[in-house]
Amino acid sequence: MLQKHLTTARVRALLDQAARSRVVVLGDLMLDQFIWGAVRRISPEAPVPVVEWERDSFVPGGAANVARNLAELNVTTELLGVVGKDEMAGKLEKLLQAARIECARLVSIKGRLTSRKVRIIAHQQQVVRVDRESRSPLPQSATQQLLKSLAASLSGASGLILGDYAKGVVTQPLLDGARKLCRERGIWLSVDPKPSNRLDLRHVSLLTPNRKEAFELANMIDAHTGDPPLKDRGLRAAADKLLSQLSPALLLITLGDQGLLLCQHGHEPFHIPTVAREVFDVSGAGDTMIASFTLAIVAGASPVEAAIFSNHAAGVVVGKVGTATVKPEELLESFRRNH
């Protein structure tokens, strides 16, 4: 039914155009470590499972996963952010280089940890997560260094994605500087907000909160009526408030198994049901969403086309375990399957 808005041929054309585009990603960088194993017994020391180690894997996380999603779809991608002067920074940079992501302008800060999330997985299920990170706001000198790098990086770029995970990199001065640079250059600015960071998010091109974040940003309580999104009065009121107070060009609210709600001034909200067949892991699904939506927009898609495009991309990713990405052929197959 939604296919009339976006044919497989159109998706292929958008991917081809995206491969000639350049997008910059700026935000909180992370290294995602997965410890894979099996559980066959409960510990005699406490009522917890004993995970028998099988292997480790590492992938870029946070804003670095946004960049990884872009690069996987053949977009020329540059990543800006902060790492510590530690072993994990070196591991993250090697992974970025292997993924064909430009990362020469990363800022290293002595005494700051490179954010690392360690997930222990047994039988395709996450058992526990351990976070090692620094969350204090960046010193002013580091913010200025990032903005100076950003000014250079935006040359020839079509879009900027700002990934805020409340780890201290995305401060108000950084957002203000990024917004000013994009406005001066006519560059699309997508922001994945973190309400706990309490930033002035007005006048960006795209905001991508999930349902919980949308209500928090609107300072409203979610009644969770269970109504379909277009008949959910609370959700629509929150969306209207965000459009009125923050004035983004587009507001894309992710709704988990209910799909997406695309909102813009002067238009009725557009709801897109999820196309995910199976959900194994939602880790990084929001990263895929903002990356693929921005990719589609800079490739010339309409907002509705971009929303459908990103909904399919996220639907592929949640069917995988771990912080995952979608390949062009997987995205095309999703459209063929749902034709």
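Residues numbered from 1 in each chain as written. Predicted model: local features only at pLDDT ≥ 70, side-chain atom pairs only at ≥ 80, totals over all residues. Heavy atoms only, no water.

A.B. asks: Give me the lowdown on the side chain of serine 190, citing residues and values where you can.
C.D. replies: Structurally, serine 190 can be placed in strand β11 (residues 188–192). In this view, serine 190 contacts Leu160, Ile161, Leu162, Leu206, Ile290 and Thr294; residues no more than four positions away in its chain are not counted. (Helix = DSSP H or I, 4+ residues; strand = E, 2+ residues; numbered from the N terminus. Contact = heavy atoms within 4.5 Å.)

A.B. asks: Mind laying out the sheet that holds strand β3 (residues 49–62), listing which residues take part and the relevant values?
C.D. replies: One open sheet holds the 4 strands; their spatial order is β3-β2-β8-β9, and the pairing between them is mixed. The two strands at the open ends of the sheet, each matched to only one other strand, are β3 and β9 (125–132). Direction aside, neighbouring strands of the sheet carry axes that sit 20 degrees apart on average. In the sheet, strand β8 (residues 116–122) pairs with β9 via 7 bridges, with the strands oriented antiparallel. Bridge assignment links isoleucine 121 to a residue of β9, and that residue is glutamine 126. (Pairing = 2+ DSSP bridges. Axes fitted to C-alpha atoms, helices over the stretch in contact; angles between N-to-C directions.)

A.B. asks: So what's going on with the packing of aromatic side chains? Which residues, and what values?
C.D. replies: All chains considered together, the criterion is met by 1 aromatic pair. With a centroid separation of 5.8 Å and an interplanar angle of 25 degrees, the aromatic rings of phenylalanine 34 and tryptophan 36 are classed as stacked. The exposure class of phenylalanine 34 is buried, given its relative accessible area of 2%. For tryptophan 36, a relative accessible area of 12% gives the class buried. (Phe/Tyr/Trp six-rings, centres within 6.5 Å; stacked < 30°, edge-to-face > 60°. Buried < 20%, exposed > 50% of the residue type's maximum accessible area, 1.4 Å probe, protein only.)

A.B. asks: Pulling in residues and values, what's your account of the nonpolar core?
C.D. replies: If you look at the biggest cluster of nonpolar residues, it comprises 59 residues, and the most contacted ones within it are Leu79, Phe293 and Phe309. Those residues in contact with phenylalanine 293, other than ones at most four positions away along the chain, are Trp188, Leu206, Leu250, Leu252, Leu262, Pro303, Ala306, Ala307 and Ser310. With 43 residues, the next largest nonpolar core counts Leu174, Leu175, Leu201 and Leu207 among its residues. (Core = buried A, V, L, I, M, F, W, Y, C linked by side-chain atoms within 4.5 Å.)

A.B. asks: Tell me what's going on with the environment of glutamate 52, and back it up with residues and numbers.
C.D. replies: Topologically, glutamate 52 is positioned in strand β3. Among the polar contacts listed, one links the side chain of glutamate 52 to the side chain of arginine 40, at a separation of 2.6 Å. (Polar contact = N/O pair within 3.5 Å; in protein donor to acceptor, adjacent residues only side chain to side chain.)

A.B. asks: Which residues make up the sheet that holds strand β4 (residues 76–80), and what are the values?
C.D. replies: Strand order across the open sheet formed by 9 strands is β6-β4-β1-β10-β11-β12-β13-β14-β15, with mixed pairing between neighbours. With one partner strand each, in any of the chains shown, β6 (101–102) and β15 (270–272) form the two edges of the open sheet. Note that strand β1 (residues 22–27) and β4 share 5 bridges and pair parallel. Residue pairing in the sheet places arginine 22 in a bridge with threonine 76 of β4. Sitting on the sheet, helix α5 (residues 172–185) is in contact with β1, β10 (159–163) and β11, with an inclination near 170 degrees to β10. Lying on the sheet, helix α9 (residues 303–317) is in contact with β13 (250–254), β14 (260–263) and β15; it crosses β14 at an angle near 160 degrees.

A.B. asks: Give a detailed account of a nonpolar patch on the surface, specifying residues and quantitative values.
C.D. replies: A cluster of nonpolar side chains, Val127, Val128 and Val130, forms an exposed patch at the surface whose accessible area comes to about 200 Å². By the secondary structure assignment, valine 128 is in strand β9. (Patch = residues over 30% accessible without salt bridge, like charges linked within 9 Å, V, L, I, M, F, W, Y side chains within 5 Å. Areas by Shrake-Rupley, 256 points an atom, 1.4 Å probe, with all protein chains shown as cover. Salt bridge = Lys/Arg side-chain N within 4 Å of Asp/Glu carboxyl O.)

A.B. asks: Go over the environment of leucine 250 with me, naming the residues and quoting the values.
C.D. replies: Along the chain, leucine 250 turns up in strand β13. Each C-alpha atom of the pair leucine 250 and histidine 265 lies 7.9 Å from the other, and the pair is 15 residues apart in sequence. When sequence neighbours within four positions are dropped, the list of residues in contact with leucine 250 reads Trp188, Ser205, Leu206, Leu207, Leu262, Cys263, Gln264, Phe293, Ile297 and Pro303.

A.B. asks: Give me the packing of helix α4 (residues 140–153) against α5: which residues, what numbers.
C.D. replies: One can describe the packing of α4 onto α5 by two numbers: an axis separation of 10 Å at closest approach and a directional angle of 15 degrees. With respect to α5, the axis of α4 lies roughly parallel. As α4 runs across α5, the sense of the crossing is right-handed. Residues Thr143, Leu146, Leu147, Leu150 and Ala151 of α4 touch α5, and the partners they reach there are Pro173, Leu174, Gly177, Ala178, Leu181 and Arg185. Residue composition of the contact of α4 with α5, grouped by class: 8 nonpolar, 2 polar and 1 charged. (Parallel < 35°, antiparallel > 145°, perpendicular 65-115°, else oblique. Left-handed = near helix turned anticlockwise from the far one by under 90°. Nonpolar A, V, L, I, M, F, W, Y, C, P; charged D, E, K, R; others polar.)

A.B. asks: Before we move on, could you go through the pattern of salt bridges and cite the residues and values that matter?
C.D. replies: Once the charged atoms of two side chains with opposite charge are near each other, the side chains can pair. Under the defined criterion, the tally for this structure stands at 23 salt bridges. The residue lysine 167 makes a salt bridge to glutamate 133 at a minimum N-O spacing of 3.0 Å. Of this pair, lysine 167 sits in the loop between β10 and α5 while glutamate 133 sits in the loop between β9 and α4, and the two are 34 residues apart along the sequence. Classification of lysine 167 as buried rests on a relative accessible area of 10%. With its nearest N and O atoms 3.9 Å apart, the salt bridge here joins glutamate 213 to lysine 194. Here the residue glutamate 213 occupies a position in helix α6 (residues 211–217), and lysine 194 occupies one in the loop between β11 and β12 (206–207), the gap between them amounting to 19 residues. The buried category is assigned to glutamate 213, whose relative accessible area is 12%.

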